[in-house]
Each structure stands twice: as structure tokens, then as C-alpha cells.
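# Structure assessment
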Amino acid sequence: MCGIMGYIGPKDAKEVLIDGLRRLEYRGYDSSGIAVLDGAELRIARAVGKISSLESLLGKEKISGNLGIGHTRWATHGRPSENNAHPHMVNGVAVVHNGIIENYAELKRELISKGSVFRSETDTEVISHLIDSYLSKGEDLFKAVISAIRRLEGAFAIAVVSEKEPDYFIVAKNFSPLIIGVGEGENFVASDIPALLPYTRRIITLSENEIAKISRDKTEIFDIRNGVQIKPEIKTVDMSPSVAEKEGHKHFMHKEIFEIPKVFTDTMLGRIDRENSELLPDELAVRTMDFSRIIIVACGTSYHAGLIGKYYFEQISKIPAEAEFASEFRYRNPVLKKDDLAIFISQSGETADTLGALKDVKELGIPTLAICNVMNSSIARLADNVIYTRAGIEIGVASTKAFIAQTEVLLMLSLFFASRRGTIGEEERKRLINEFSRMPGILKNTLKTESYIKEIAPRFIRSRDFIYLGRGINFPVALEGALKLKEISYIHAEGYAAGEMKHGPIALIDEDVPVLVIANRGSNLKKIISNILEAKSRGGILIGVITKGDEETKRLLDFAIEVDETDEFFQPFVNSLPLQLMAYHIADMKGTDVDQPRNLAKSVTVE
Ligand code: F6R
């Protein structure tokens, strides 16, 4: 949700900023802008639309300089327009911001009453006017930024540059991500690592309430609350710039789906001892083991992984479990107990609702565990324990490989708890651990369903509604399949528990409505077949994900996507791939913007 980039050094700042913003475009893409110190003047360029629009504008405007900040926006306050695009400049000081200033309305009223003139509808502009008000009281830029920040409530990462201070710029952070890239005679800032990889792998992650003064060869960090200087901790990230390249795939989403077999292997590496059929406790160990209930909190796709996790914890570990939307959980005063374990799932580790829920739960003294993909992200750092999914950077806005890795961690964790609590027999445990090793091969095989999916996808590009049905552990898979389709193809899709269909949704079914049914061989198949027949007798077009060789079920369907047989607990992995590919190919054939669908952003850092 908005990306920030900043640069100081010998290079052409404009080039570095545009390159970085391109790599951050997944965070927001409705408008963008840069401010570059060109001689003694801060020059601003802003454009509505993607970074390419800004580039075209910059082709006409001759801006050059070695210090600048940039921003790519996902609109929250004020529609996408040039005026609302960042940077916002007041009296030679430009600001870019990621996050939300919750008390902006009262600050704006105060500032207007003192004579400030606002040019945008954004919350960000109050930061510019606040800084200006402190500068006009005689404070220097650094002090003025601190004074302004102390007035702000909400989440922010900001970068500030001034015409009067050509040797440095300032960044600060509170609950929105910001990292500093350390170079030789040059320094960078960005909202996320991929933006920095072409330039440096040495990074400093800013923590909450930190402010940094960044010059060509120095980074000084201070605590905003007390002004105490903090020694920067530089870490070297082990990532290649190619993580932010499509490497021959048409879209990042496609590349990321095809990475899934490897992601599955990476995520279990060192956590499962295949030879001894054991789970290795180190990272999976949760500080307290004597909890009596698990509460899983997440949003969107991560919530769907959480729903599968609920199933795992109940079926395998025999621990009562609930899965909750973070945005609902926070505001309904849930009854929590000291012997609950709260698990927070987030790919980005920055989702505002999930982060807010984690803060609330921590305040109650309840043990917390995060399952995150992004290292050192806010949620990962705040929770008592963290287990990282090792999906690598996910750039496609629609989450694919991270969902598989989250679900995999939940399955490992449920097995770990079950082993420790003795709720699983030796044989069953061995069988499931063995199934883990078969999975990467099975997933590779499952990717071969793509050719059939590509063949049938054109039949559905004009569909207006889709229904996804699943039962048991495959019900959340149906929800996730429907979410994927709607977010990238803009086709309305609903996921239902197959048994619920007859209680209402069946009224929607006619010959124009494709019904995608998850119907692998397993305990639910007979019941699912009844649901297939119910839909079929109402004229629905039936697409099924079925077990290879199940001719009986295949005969009932109009289209059958055949996947390998696997244990029921592993079916979510095998079934999700064709659903992701189906959404991808329908969207691609419709010509939508698959990696950056309208109205969405990869990391939702506002509530
Ligand atoms: C959908 C999608 C979103 C995210 C949700 C939570 O494809 O990606 O629904 O799952 O915004 O994001 P994280 O996992 O980063 O907390």
C-alpha cells in the first residue's frame, strides 16, 4: 500500500527512483511522483496511472540531480489525481508517505485556521504543513520533522527532502515498512528489499519510532521519542536481483505459481527429518506448549490458509481452533484466555488489521506466534515467536506461492503439536511425514494440468458469475479459488461449502454459471457427487478437480482437471494449483492486468 524510494549519491536520482518505484509498483499503482533536487530547486513530477505515465512525463521534463524521493500510490484519502499524488511540497520541503494519519482531519482544521492552504485531499499533506509550521518557528529541518511526527497518530513511513538541505534527506517510521540500503558513497531507502537489490544488498531495517538522517556516506538513526542515537545494524540480504524479474514468464503470478514445488521444499527444509520421520522442533517450538485453544487471525488469502489450519489443528493435534478475519476480530472484544495461543498469518507481515490485532492480543499477555513470509516485517518482529514461510518475494498482487507455504507451515505445526501431545499414532505420523517428501514431485506433476486449463479457459472468459464448491478441508480451497478468480479476472465468484449450496446459492445456477467442484477421492466424495448432481440437474456447467483415474466422477462433469492422489490433509496443496492456474489463464485471456489488478495493492497497511 504505497511504495517509497529515496536516493542520495553520484547517480542520476531520477533514474534510480524510477527503477526502484517500478519494483515497488506492486504496492500501489494508481499514481506516482518524484521530487529531485535540481541545482537549488526541488523539482516535482507527478502523474496519474502507472510508473510508465510518470516516465513519459519525465521524458518531456528535463529534471536532473543527485538527491530525490519518490512514491507510488494506492489511494486512501482522495481519489487518484495529480494533486493527490505524492510528493507534497510546501515552501521547498517535499514529503512522501506510506500509511494513514488517523488524526489528519483535526490537524488539517488546526493548520487551516493558522493560514495553511491545502492543495490536495490527502492525509499526507498535513505532514508537509506541520513541518513547515515548525520550520517557520525557527527549528531546523531535522527538529521540525520530529516535532511534526510527534503530532501524528496512525501508521507512517515518510521521506522528507528540502531545498535548503542539499546534503541529506530524512526518513522516519512508525508501523509502515522502511529500509535503508547502504552503498559506497551513496545511500538508498525503500519500502521493500527488491527495490534496492540492483544497487546494494546491505540493508538497515528501521524499527518503530526511528528517524534517520541520510547523507551520501552516512546514516544516523535516532529514537523519535527521546532523541537518543541508535547504532545502525547492517545486514546483508542473500537475494539476487532476479527475484524481481519475470525470468521469461509473462507475469509474476505465473512465475510464482511455477515456483511452488521449490517453495514447498524450501519451507520444509530443516524442519522435517525424513530419515527418522521426525519434525525438528527448533523453529516450530512455541515458547508455551500448554495452551488449550488456538485462535488464528489473518486477512484475505492468509485467512483462507488459517481456515485450513483450523482443520489441521482440530483433526491432527486435537486442539480446538478458530480462524478469524483480523478486521472483525479486533473490534468485537473477543473472549480470550491466558491459555490461548494466538497465531497471526501474513505474507507481507505488514497488514494493518493483522498487525493491530496482534498488538491488542499482546497487550492481554496472550502468547503469540506469527507465520510470515517477509523477514523482519512488523508482525514478525512483534510476535513472541515467528515461523517464516520461505516462499521468497511474492510480487504478483494475487497471493499464490505464499498461500501454499502458509498452509504447509500450519500442517507441520499441527503435526508438531500432535507429536508433543501424543494425539497422533506413530504410524500415522510416519505416513504424513512421508507424504511431505512426495509433495514437491506431485506439485510438479500438477503444474502439467496447465495445458488442459489453457484449453478450457476460453470457454469462461465471458462468464459473469462462478461458483466454487468444496467440502471439509477443501472448503477453504474453494473460497481461495473464488478469491483468485474475482481479484484478477473481475468475474464475480463465490466459494461455498458444497453442502450449503442447497440452502440458497443453488438458485443462482443455470446454464450460464460454471460450477467448479473440488471432488478428489476421499471421505467426502460421495457427498460431493450428490452436490454435483444437484448442480447438473439445474443446467450448471460442471468443472471438477478430481483424482486421476476416477472415471466415475469424470463422467458426471463437463470438464475434469485430474490431479494425483494424495492424503486428504495434502489435498489443499494439490487442488490450489489448478485453481490458481484457472484464474490466471481466464484473466490473461480477458486481458486484465494480472499482476496489478485494479483497486488492489499487495500490502494493505491501512485498516
Ligand atoms: C489475495 C491477497 C490478499 C492478502 C491479504 C493479506 O490474493 O493477496 O487477500 O492475502 O491482503 O495480506 P498478508 O498476507 O500480507 O497479510
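Residues numbered from 1 in each chain as written. Predicted model: local features only at pLDDT ≥ 70, side-chain atom pairs only at ≥ 80, totals over all residues. Heavy atoms only, no water.

The next point concerns the pairing of strand β27 (residues 559-563). Summarising burial for β27: 4 of the 5 residues are buried, a large majority. In this structure, strand β26 (residues 541-547) lies alongside β27, joined through 5 bridges in parallel fashion. In the strand pairing of β27, G544 is matched with A560. With helix α18 (residues 551-556) bridging β26 and the parallel β27, this β-α-β connection has right-handed handedness. (Buried < 20%, exposed > 50% of the residue type's maximum accessible area, 1.4 Å probe, protein only. Helix = DSSP H or I, 4+ residues; strand = E, 2+ residues; numbered from the N terminus. Pairing = 2+ DSSP bridges. Right-handed = clockwise from strand over helix to strand, strands pointing away.)

This part takes up the sheet that holds strand β2 (residues 31-38). If you walk across this open sheet you meet the 8 strands as β3-β2-β4-β1-β10-β9-β11-β15, and the pairing is antiparallel. Taken across any chain shown, the strands that pair with only one partner, and hence form the sheet edges, are β3 (41-48) and β15 (235-236). Taken together, the 6 bridges between β2 and strand β4 (residues 67-73) define a ladder with antiparallel strand orientation. Of the residues in β4, the one forming a bridge with A35 is I69. Sheet strands touched by helix α1 (residues 13-24): β1 (3-8), β2, β4 and β10 (187-190). Its angle to β1, the strand with the most contacts, is close to 155 degrees. Taken strand by strand, helix α2 (residues 51-60) contacts β2, β3 and β4, and its axis lies near 135 degrees from that of β3. (Contact = heavy atoms within 4.5 Å. Axes fitted to C-alpha atoms, helices over the stretch in contact; angles between N-to-C directions.)

Attention now goes to the packing of aromatic side chains. Summed over the entire model, instances satisfying the criterion amount to 15 aromatic pairs. Arranged with centres 5.0 Å apart and planes meeting at 25 degrees, the rings of F188 and Y199 form a pair that is stacked. Taken together, the residues F188 in strand β10 and Y199 in the loop between β10 and β11 (202-205) connect sequence positions 11 residues apart. The buried category is assigned to F188, whose relative accessible area is 0%. When its relative accessible area of 22% is taken as the criterion, Y199 is described as partly exposed. (Phe/Tyr/Trp six-rings, centres within 6.5 Å; stacked < 30°, edge-to-face > 60°.)

Along its sequence, the chain is carved into domain 1 (3-243) and domain 2 (252-590). Using C-alpha coordinates to define each centre, domain 1 is positioned 37 Å away from domain 2. Across the contact, 14 residues belong to domain 1 and 11 residues belong to domain 2. Taking both partners together, domain 1 and domain 2 bury about 1,100 Å²; carbon and sulfur atoms supply 57% of that area. Of all residues in domain 1, Y26, F175 and V243 bury the most surface against domain 2, accounting for 45% of the area lost on that side. The tally of links from domain 1 across to domain 2 stands at 0 salt bridges. (Domains from an automatic or database assignment. Buried area = accessible area lost by both parts, 1.4 Å probe. Salt bridge = Lys/Arg side-chain N within 4 Å of Asp/Glu carboxyl O.)

The next point concerns unusual backbone geometry. With omega at 0 degrees, the peptide bond leading from H86 into P87 counts as cis. Within the secondary structure, P87 is located in the loop between β4 and β5 (88-90). A positive phi angle, close to 60 degrees, is found at K318, a residue other than glycine. Within the secondary structure layout, K318 lies in the loop between α9 (300-317) and β19 (321-325). Look at K318 and you get exposed, because its relative accessible area is 53%.

The next point concerns the site of the ligand. Close to the ligand lie 13 residues; S302, S346, S348, T351 and E487 are nearest. Between the ligand and T301, the relevant distance is 3.0 Å, taken from an oxygen atom to a main-chain nitrogen or oxygen of the residue. Contact between the ligand and S348: an oxygen atom at 2.6 Å from a side-chain N or O atom of the residue. Taking 400 Å² as the accessible area of the ligand by itself, protein coverage stands at 90%. The element best represented in the shell around the ligand is α9, accounting for 3 residues. For the shell around the ligand, the residue count by class is 3 nonpolar, 8 polar and 2 charged. (Near = heavy atom within 4 Å. Polar contact = N/O pair within 3.5 Å; in protein donor to acceptor, adjacent residues only side chain to side chain. Areas by Shrake-Rupley, 256 points an atom, 1.4 Å probe, with all protein chains shown as cover. Nonpolar A, V, L, I, M, F, W, Y, C, P; charged D, E, K, R; others polar.)

With that settled, the discussion passes to the sheet that holds strand β12 (residues 210-215). Two pairing modes exist for strands in a sheet, parallel and antiparallel, and in both the strands are linked by backbone hydrogen bonds. Here we have 7 strands laid out as an open sheet, ordered β5-β6-β7-β8-β12-β13-β14, and antiparallel in their pairing. Either end of the sheet is taken by a strand with one partner, and the two such strands are β5 and β14 (229-230). Sheet topology places β5 next to strand β6 (residues 93-101); 3 bridges connect them, and they run antiparallel. What sits directly across from M89, in β6, is A94. This element, helix α4 (residues 124-135), spans β5, β6 and β7 (154-162) of the sheet and lies at about 130 degrees to β6.

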